[in-house]
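Reading the structure
Take a look at the letters that make up each chain.
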Amino acid sequence: FEKVKLYTNAFIVEEGRILLGYKKRGFGKDLYNGFGGKVEPQETPLEAAVREMQEEAGITAPLKKCGTLFFVCEDIDHAFHIDIFVADEYTGAIIETDEMRPGWFSTSQGAPSSELPPIPYSRMWADDVFWMPMLLAGKPFIGRADFVQDGTMQKWWFAEV
Ligand code: 6U4
Ligand code: NA
Ligand code: NA
């Protein structure tokens, strides 16, 4: 892998629910994820995370960094360094954009009283199920994963820090 590229991925978690977006185009199309993208050369990761949340969901949030992930994909010449951010509040109205269709999911797995669907791990990146519980518990985390060409996660390691 020639180089590493910086990305962000950001989530709103409040009152038993988490905001995810269904990605309509580009990398990770048809998967649910947080809101994020590439960190531009003049930005800090936090600035990029705030900008991407505005661009992809229409909202502004006081994001805080909660995790660091490092991925490689067999068929992509750069490695991914992804800073993960979370906020427990936001301002503005959530909107669907060309890139993302936002929706709320229940953070209490399978709670029969919740009107919201559970977090759709089977339609998310394979690594998410390993670190999302730490994000929801407010525990900082770090991790890595290696993906092969068909998108299968071959090796992984995640831990609280
Ligand atoms: P452009 O081309 O500028 O529209 P941009 O919005 O900058 O793209 P995008 O959406 O391609 O970037 O960024 C990829 C997004 O996918 C980032 O939020 C990071 C996230 N991502 C990549 N691999 C991931 C993985 N294995 N698990 C995960 N999120 C991942 O949960
Ligand atoms: Na994006
Ligand atoms: Na971008």
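Details of the structure are given in the entry above.
The structure contained in this document is the topic of the report that follows.

About the thresholds
Residues numbered from 1 in each chain as written. Chains lettered and ligands numbered in written order. Predicted model: local features only at pLDDT ≥ 70, side-chain atom pairs only at ≥ 80, totals over all residues. Heavy atoms only, no water. Helix = DSSP H or I, 4+ residues; strand = E, 2+ residues; numbered from the N terminus. Near = heavy atom within 4 Å. Polar contact = N/O pair within 3.5 Å; in protein donor to acceptor, adjacent residues only side chain to side chain. Areas by Shrake-Rupley, 256 points an atom, 1.4 Å probe, with all protein chains shown as cover. Donors = N, O, S within 2.8 Å, 3.2 Å for Na, K, Ca; no water. Buried < 20%, exposed > 50% of the residue type's maximum accessible area, 1.4 Å probe, protein only.

1. Some remarks on unusual backbone geometry
The phi dihedral of Glu 15 falls on the positive side, at around 45 degrees, and the residue is not glycine. Mapped onto the elements, Glu 15 comes out in the loop between β1 (3-14) and β2 (17-23). Look at Asp 30: it is not a glycine, yet its phi comes out positive at around 70 degrees. For Asp 30, the location among the structural elements is in the loop between β2 and β3 (32-33).

2. Some remarks on the site of ligand 1
Around ligand 1, 19 residues are found, and the nearest of them are Thr 8, Asn 33, Lys 38, Asp 127 and Asp 128. Separating an oxygen atom of ligand 1 from a backbone N or O atom of Thr 8 is a distance of 2.7 Å. Within the side chain of Glu 99, one N or O atom sits 3.1 Å away from an oxygen atom of ligand 1. Coverage of ligand 1 by the protein chains reaches 82% of its 650 Å² of free accessible surface. Residue assignment for the shell around ligand 1 shows that the elements contributing at least two residues are β1, α1 (45-57) and α2 (128-136). Counting residues per element, the shell around ligand 1 draws most heavily on β1, at 3 residues.

3. Some thoughts on the coordination of the sodium ion (ligand 2)
The protein atoms that coordinate the sodium ion (ligand 2) are Gly 36 (O), Glu 56 (OE) and Glu 99 (OE), at distances spanning 2.3 to 2.4 Å. We note that the donor set of the sodium ion (ligand 2) lies within a single chain, spaced as G-x19-E-x42-E. Between the sodium ion (ligand 2) and the sodium ion (ligand 3), a spacing of 5.4 Å is present. Of the two residues, Glu 56 sits in helix α1 while Glu 99 sits in the loop between β5 (78-87) and β6 (100-106), which places them 43 residues apart along the sequence. With respect to class, Glu 56 is no different from Glu 99; both count as buried.

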